[in-house]
Amino acid sequence: MGCCESSLFTELGAKKDKIPQNQQQQQPQQGNHKQPPFNRHPISTNSSPNSSSLPPVNSIVDGDEPPSFTEYSLSDLKAATNNFSSEFIVSESGDKAPNVVFKGRLQNGRWIAVKKFSKTAWPDPKQFAVEAGGVGKLRDSKLANLIGYCCDGDERLLVAEYMHNDTLAKHLFHWEHQTIEWAMRLRVALHIAESLDYCSTKGRALYHDLNGYRVLFDENGDPRLSCFGLMKNSSDGKSYSTNLAYTPPEYLRNGRVTSESVIFSVGTILLDLLSGKHIPPSHALDMIRGKNILILMDSHLDGKFSTEEATVVIELASQCLQNEPGERPDLKKLIDTLSPLQSKADVPSHVMLGIPKHEETPSTPQRPLSPMGEACQRRDLTAIHKILVTTHYRDDEGTNELSFQEWTQQMRDMLEARKRGDFAFRDTDFKAAISCYSQFIDVGTMVSPTVYARRSLCYLLNDQPDAALRDAMQAQCVYPDWPTAFYMQSVALSKLEMHKDAADMLNEAAGLEEKRQRHGR
């Protein structure tokens, strides 16, 4: 089964600086047993029955690089969205939207956004797959990237990265605690221009129905452009679903979207950022011509903006909203104009938005948990202690087969050390238990997964989660399919604030326990 080959060393090494020096000096000595290297997913080299169902932990954390574009099964997306429950709808018009967007969570823990089309919108599944594949090739930090699609029967679905902090429209028009400050509005404008420019350089110059609902904020509060707008709402070319007052004039004339049409839509977004409300472009242009610039500005900014910067943005919006497409600036001009206005480049977006930085919480276990699993999930060390005392050494059976010659005085001393450790462990003298169990382990003649699990808990109770994780991993090396080893790793990882890893390990343990129950063990 192998011995826990691993790469967690780098991550734990980074956390080592947080551990008091005296704890760093109290690492367990493994005697004749080689200390295993670390792995964020230690089971990866073992033939665990669940390793195929759960991907490596570092591939599922939101905020990591998006996965490669792929085709999802309908069953996976149904499970992720609770069978496309109305409670999971996140599109602005709810279930009345022509193409509804749901949030969901895949089995591996990744949050997704799923856009659902009708079959009539894309009757040819091959055409839909080709269009989706073209958008799926794009990868940029300023995009909510497309990571997959589904064509199953009448279903036409797009799957994108999910953005945790709502839309620009909500933060501008429906805010609760604070409006977006001026510097953040300028950052949003620049990010939109840069993301559109990236798409254009990759052969995707057309963006359909650009509006405040297409601009999203990720877990760090950074603005991103939805990838859904890079694909038409239907194969017949329908591209705009919002109020016609905000639609490019040329689209009304001939029904065609051009790169200049996208610039017009950027102008409407600039108006939103300036005013904090929907203003029809024609009305805004009248205000600009009348020099009513201050009237145009969002009153909720309370004058906390640079008049010079606002004048530049107003002039830029005016150029974008020209009736003649040829008179509008290109994306390079937008970027060159907006870049010098970025006055708070070092301030994180979530700070300027006034929102807490998103912290991923452990996912709900995918299987029912045993009392041990429940105790580990809530990090109840007292309950874990009681369970380990009750189970004693039941799970050590078969892990050691000693010959008569091995029953030496050293062996008897080793067992005596373990016995003293057991008494100390039972009596909650955890420092003494660490000392006694370490004597047992250092001899090396006999290997006990239970001793490693018990010492792991002792380290947790002495606020040494790094040492606890090492012992839990050693227990797994001795007994690769032992649920307790995985449960203890889950608790240690949680204590180390590696919550996604902890949740994944908890599910792994529950799966192993389920298998044991099926086999009557």
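Nothing here was measured: the structure is a model prediction, and the numbers come from that model.

**Considering the overall build of the protein**
For step 1, the next point in the chain: Secondary structure assignment for the protein yields 21 helices and eight strands.
For step 2, the next point in the chain: Taken across its 521 residues, the protein has 54% of its residues classed as buried.
For step 3, the next point in the chain: For the protein, contacts bridging at least 24 residues in sequence account for 70% of all contacts bridging at least 6.
For step 4, the next point in the chain: In the structure as shown, the protein presents an accessible area of about 23700 Å², 49% of it carried by carbon and sulfur atoms.

**Observations regarding the packing of helix α17 (residues 430-443) against helix α18 (residues 449-461)**
For step 1, the next point in the chain: Running from amino to carboxyl end, α17 crosses α18 at an angle of 145 degrees, the nearest separation of the two axes being 9 Å. Crossing geometry of α17 relative to α18 is assigned as left-handed. Between α17, through F430, A433, I434, Y437, S438, F440 and I441, and α18, the contact on the second element is made entirely by V451, Y452, R454, R455, C458, Y459 and L461.
For step 2, the next point in the chain: Of the residues assigned to the contact of α17 with α18, the class counts are eleven nonpolar, one polar and two charged.

**Concerning the pairing of strand β3 (residues 111-117)**
It is a general feature of regular strands that their side chains alternate between the two faces of the sheet.
For step 1, the next point in the chain: Of all seven residues in β3, six are buried; the element is thus mostly enclosed.
For step 2, the next point in the chain: One ladder, built from six bridges, connects strand β2 (residues 100-105) with β3; its direction is antiparallel. Across the sheet, residue R105 finds its bridge partner in β3, namely W111.
For step 3, the next point in the chain: Adjacent in sequence and paired antiparallel, β2 and β3 are bridged by five residues, among which G109 carries a positive phi angle near 100 degrees.
For step 4, the next point in the chain: Two strands pair when backbone bridges link them, and β3 and strand β6 (residues 155-161) are joined in this way by six bridges, in the antiparallel orientation. Directly across from A113, in β6, lies its bridge partner A160.

**Observations concerning the packing of aromatic side chains**
For step 1, the next point in the chain: Inspection of the entire model under this criterion finds nine aromatic pairs.
For step 2, the next point in the chain: Here the aromatic rings of F84 and F102 are separated by 5.3 Å at their centres, their planes lie at 65 degrees, and the arrangement is edge-to-face. Of this pair, F84 sits in the loop between α3 (74-80) and β2 while F102 is found in strand β2, placing the two residues 18 residues apart along the sequence. Of the two residues, F84 and F102, neither departs from the other in class, the shared state being buried.
For step 3, the next point in the chain: With a centroid separation of 5.9 Å and 55 degrees between ring planes, the pair formed by W182 and F305 is classed as tilted. Taken together, the residues span a long stretch of sequence, with W182 in helix α6 (residues 182-201) and F305 in the loop between α10 (293-296) and α11 (307-320) at a distance of 123 residues. Across the pair, F305 and W182 agree in class, each one buried.
For step 4, the next point in the chain: Positioned over the ring face of F84 is K116, at 5.3 Å from the centre of the ring.

**So, the sheet that holds β2**
For step 1, the next point in the chain: Taken in spatial order, the five strands of this open sheet run β1-β5-β6-β3-β2, and their pairing is mixed. Of all strands in the sheet, those bounded by a partner on one side alone are β1 (70-71) and β2.

**Overview of the sheet that holds strand β4 (residues 143-144)**
For step 1, the next point in the chain: With mixed pairing, three strands are arranged side by side in an open sheet as β4-β8-β7. On the outer flanks of this sheet lie β4 and β7 (215-217), each paired with one strand and no other.
For step 2, the next point in the chain: As paired strands, β7 and strand β8 (residues 223-226) are joined by three bridges and run antiparallel to one another. Opposite F217, over in β8, you have P223 as the bridge partner.

**Quick word on the nonpolar core**
For step 1, the next point in the chain: Core analysis: the largest hydrophobic core is formed by 75 residues, its most contacted members being L158, L168, W182, L196 and L270.
For step 2, the next point in the chain: Residue contributions to this core reach at least three from each of two domains, namely domain 1 (70-161) and domain 2 (166-353).
For step 3, the next point in the chain: Of all hydrophobic cores here, the second largest spans 51 residues; its members include I441, V451, F486 and M488.

**Some remarks on helix α9 (residues 281-289)**
For step 1, the next point in the chain: All of the buried residues in α9 are P281, A284, L285, M287 and I288. End-on, the buried residues of α9 take up no more than an arc of 160 degrees, which puts them together on one face. Turned more than 90 degrees away from the buried face of α9, the exposed residues are S282 and R289.
For step 2, the next point in the chain: Its buried side turned inward, α9 meets α8 (259-275), α10 and α11.

**Regarding the confidence of the model for the protein**
For step 1, the next point in the chain: The pLDDT averaged across the protein works out to 80; a share of 79% of its residues lies at or above 70.
For step 2, the next point in the chain: Here residues 401-406 is modelled with pLDDT under 50, and outside its nearest four sequence neighbours on either side it reaches seven contacts, counting other chains as well.

**A short note on the pattern of salt bridges**
For step 1, the next point in the chain: Throughout the structure, instances matching the rule amount to 13 salt bridges.
For step 2, the next point in the chain: A salt bridge links K344 to E181; the nearest nitrogen and oxygen atoms lie 2.9 Å apart. Here K344 is found in the loop between α12 (331-338) and α13 (349-353), whereas its partner E181 is found in the loop between α5 (168-173) and α6, with 163 residues between them in sequence.
For step 3, the next point in the chain: The partner of E250 in a salt bridge is R328, and the shortest N-O contact between them spans 2.8 Å. Separated by 78 residues along the polypeptide, E250 in helix α7 (residues 249-254) and R328 in the loop between α11 and α12 bring together distant segments of the chain.

**Comments concerning α11**
For step 1, the next point in the chain: End to end, α11 covers 20 Å across 14 residues, agreeing with the expected 20 Å (1.5 Å per residue, within 8%).
For step 2, the next point in the chain: In this structure, the buried residues of α11 make contact with α6, α8, α9, α10 and α12.

**Points about unusual backbone geometry**
For step 1, the next point in the chain: Of note in the backbone geometry, F84 takes a positive phi value of approximately 55 degrees without being a glycine.
For step 2, the next point in the chain: Looking at F84, the relative accessible area reads 12%, which means it is buried.
For step 3, the next point in the chain: Its identity as a non-glycine residue notwithstanding, D166 has a phi of 70 degrees, on the positive side.
For step 4, the next point in the chain: When you line up the elements, D166 lands in the loop between β6 and α5.

**Structural notes on the pairing of β8**
For step 1, the next point in the chain: The pairing of β4 with β8 spans two bridges and is parallel. Its bridge partner lying in β8, A144 is registered against S226.
For step 2, the next point in the chain: A loop of five residues connects β7 with β8, the two strands running antiparallel in sequence, and G221 in this loop sits at a positive phi of about 85 degrees.

The rules behind these values
Residues numbered from 1 in each chain as written. Predicted model: local features only at pLDDT ≥ 70, side-chain atom pairs only at ≥ 80, totals over all residues. Heavy atoms only, no water. Helix = DSSP H or I, 4+ residues; strand = E, 2+ residues; numbered from the N terminus. Buried < 20%, exposed > 50% of the residue type's maximum accessible area, 1.4 Å probe, protein only. Contact = heavy atoms within 4.5 Å. Areas by Shrake-Rupley, 256 points an atom, 1.4 Å probe, with all protein chains shown as cover. Axes fitted to C-alpha atoms, helices over the stretch in contact; angles between N-to-C directions. Left-handed = near helix turned anticlockwise from the far one by under 90°. Nonpolar A, V, L, I, M, F, W, Y, C, P; charged D, E, K, R; others polar. Pairing = 2+ DSSP bridges. Phe/Tyr/Trp six-rings, centres within 6.5 Å; stacked < 30°, edge-to-face > 60°. Lys NZ or Arg CZ within 6 Å of the ring centre and 35° of its normal. Core = buried A, V, L, I, M, F, W, Y, C linked by side-chain atoms within 4.5 Å. Domains from an automatic or database assignment. Arc of directions from axis to C-beta. pLDDT = per-residue confidence, 0-100. Salt bridge = Lys/Arg side-chain N within 4 Å of Asp/Glu carboxyl O. Expected span 1.5 Å × (residues − 1).

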